[in-house]
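Residue-level structure breakdown
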Amino acid sequence: MLVTLILYDPPKAHVYFSPTLDQQKTCSDCEETLIDGDLFIRYDVTHPQDIGEIQIINGYFVHFFAPDDLPQMPKNVVFVIDRSEALMTILSELHEDDYFGLVTFDDIIELWRPFLSKSTPENVTEAKGFVKTIKARHMTDINKGLLSAVDMLTSEKSHSFPDMSMIILLTDGRPSSGKLDLSKIQENVQNAINGNVDYSLLDTLAKQNDGLARRVYEASDAALQLQGFYDEVATPLLLEVNLNYPGNTVTDLTQSHFRQFFKGSEIVVAGRLQELETNTFQTEVSANGLGDQFLVEGLVIAEEWDSVFPDQEYIFGDFTERLWAYLTIQQLLDEREKCSAEDKEDITAQALDLSLKYNFVTPLTSMVVTKPETEDKDEKLIADKKISYVTHEFVSCCLGVDGDPHFIIELPDQNDALCFNIDHKPGTIFNLVRDPLTGIVVNGQIIGDKKVIPGSKMHTYFGRFGFVHEKFGIRLNVSTKEILHNPPSFAFSSMDLQVVKDRSLTVTLRNSVKFLIILHKIWKMHPYHQDYLGFYTLDSHLFSSNVHGLLGQFYHGVNFEVSDLFPGKDPDKQDANMFVKGNKLTVTRGWKRDFRQDVRNGENVPCWFIHNNGTGLLDGVHTDYIVSGLFKTT
């Protein structure tokens, strides 16, 4: 396989993976192909020492902790093996203060010594001689092998041995002698260990005891794979690591306690902030190190966005939120392996919900990949094996208003959308969003055509928007002129503006939501029409449950049922009965256009159209949302 890593200016990197056609074939003479196996990309980044590095974006934070200037902790390690690949090299890399033991097993257990030995040059040399005598084993009694290792470790507890103990099991993972029931082996080892040491068996055993498991694939580099596995745990630096955040400033925290920390690894904790506008909070890190208690405290002060991520548009929005979701999902999937049968269903449901919400491919959800249509036989070989996955699509909720003015409420939970129009005289200002808890208000002013086309009604659009953030003291006036003439970006302490000239403006409020304003340019010599704006809300889930307004009332969804399809006035469209908010409405199946991706043509969004200015769908009537000024907050 060919894997190329190209580094650009930090913090970006591009990884290109290009397997050859021969590498994709299931065999040298086969026409079928198969992409299988794991692709590992190993890299490291620099982080500040002490409490580590914390980033806060859009109400979520992520804490990176990776100290590398700590003294190495000695360890007790027992190798339980039915094969000897890579063990000679591993023994050579034992630290001089480590203690180790060797257990070989088939249907008979054999110990190099019945006790732990210090890693002196003489002992290591003698152990290597023992390893050379190991022959291929045809039976595998994992249960007895592990229990012998546990007994060796626990019997030494009263002596002056290191605090860090581990068992490293090197096996094909298939018990074929003695106890064959994996659950019984798990129970036996857990009872023997009684929570005092870490070990790796299969993935389930590892997760149940805060260890780790790695699958080694049969290939010419199997020894290197084993060596790489050992390198992950060869150098312990800290035990019982706790990352604490006093003061009730964070919620929905991912795992923040770690049994051990190894050199070259990194601890990552993420969570949500109780207050969206927070950019400072306390944190402390405590752990047991070599001979001392490791404890550091600090006050986190989030840096301004333009200094942390200059010119990196992709980072704004949901990057930190998605990292939090990813860590939470991985944590839930691990818990599934350790929890009781009663809790497993609830934990699975939580992991599935997050996987669908954030479009993550997990053991619970994934995607479908099909081969491209081509006449070239060689080209057909590339990835022509379909990968079977659940075909459930979940997208972030998007609400917007565009055109004459058409309100679109996309509801991915129901795989559907609602839409309605608002007709009113030019100059009228409507409240679109009002959230009293976050202090965010958005109002929009309607404009009309230059003049009415003879024999038709006046078309109206939104031509100006006013943004208010009361807690940050922000007032922003956006019209067609701002998008036509302003420079590409502005960076303020509480707000970030990204302008795509003649196209769009993205408004991102610090630690909060993002709005997209689309410019629709009309030929300036057009006799009737003029430039107008479209408005879309991104990250709508970051608003509080008290949010309201013509759009805001739908940010957290709306329940409705549609039934009894029947022909409508338009022969090409069907009508139906809709039950929503206690009302029975006659609605029409139609479509509106979403211009976020294609400003010129838009993308058709099928929706149920609610007539009469949204009456029955809106709380109250549309005139209830008229305000007296562009920055009016009440």
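For the structure itself, consult the block above.
Residues numbered from 1 in each chain as written. Predicted model: local features only at pLDDT ≥ 70, side-chain atom pairs only at ≥ 80, totals over all residues. Heavy atoms only, no water.

One finds L418, L432, F515 and F535 to be the most contacted residues of the largest nonpolar core, which totals 68 residues. Of the residues forming this core, the biggest block, 6 residues, is contributed by helix α9 (residues 319–338). Those residues in contact with F535 that sit more than four places away from it in its chain are L399, G400, V401, L432, V442, F465, F467, F515, L516, I517 and L551. Among the nonpolar cores identified, the runner-up in size contains 27 residues, and V77, L87, M166 and V233 belong to it. (Core = buried A, V, L, I, M, F, W, Y, C linked by side-chain atoms within 4.5 Å. Buried < 20%, exposed > 50% of the residue type's maximum accessible area, 1.4 Å probe, protein only. Helix = DSSP H or I, 4+ residues; strand = E, 2+ residues; numbered from the N terminus. Contact = heavy atoms within 4.5 Å.)

Let's shift gears to the pairing of strand β18 (residues 406–411). Among the 6 residues of β18, 5 are classified as buried, and the element is accordingly described as predominantly covered. With 4 bridges connecting them, strand β17 (residues 399–402) and β18 associate as antiparallel partners. Residue pairing for β18: V401 is matched across the bridge by F407. Once β17 ends, the chain turns through 3 residues before running back antiparallel as β18, passing G403 with a positive phi of about 75°. Pairing between β18 and strand β19 (residues 416–421): 6 bridges, direction antiparallel. Across the sheet, I408 pairs through a bridge with C419, a residue of β19. The antiparallel hairpin formed by β18 and β19 contains 4 residues in its connecting segment, where N415 sits at a positive phi of about 55°. (Pairing = 2+ DSSP bridges.)

Our focus in this paragraph is the packing of aromatic side chains. The tally for this structure, following the rule as stated, stands at 16 aromatic pairs. Relative to F535, the ring of F515 has its centre 5.5 Å away and its plane inclined at 25°; by these criteria the two rings are stacked. With a gap of 20 residues between them, F515 in strand β27 (residues 514–520) and F535 in strand β28 (residues 532–538) connect regions that are remote in the sequence. In this structure F515 comes out as buried when scored by relative accessible area, which is 0%. On the basis of relative accessible area, F535 is assigned to the buried category, the value being 0%. Grouped by ring-pair contacts, the aromatic residues F407, F420, F462, F465, F467, F515, F535, F543, F554 and Y555 constitute a single cluster. Positioned above the aromatic ring of F360 is the side chain of R322, whose terminal nitrogen or guanidinium carbon lies 4.5 Å from the ring centre. (Phe/Tyr/Trp six-rings, centres within 6.5 Å; stacked < 30°, edge-to-face > 60°. Lys NZ or Arg CZ within 6 Å of the ring centre and 35° of its normal.)

On to unusual backbone geometry. Trans peptide bonds make up most of the peptide bonds, and negative phi angles are found at most residues other than glycine. Although it is not a glycine, D252 sits at a positive phi angle of roughly 50°. Residue D252 is classed as partly exposed on the basis of its relative accessible area of 39%. Even without being a glycine, K581 presents a positive backbone phi close to 50°. Within the element layout of this structure, K581 appears in the loop between β30 (574–580) and β31 (583–594).

Such coordinate-based values are descriptive only and should not be taken to indicate function.
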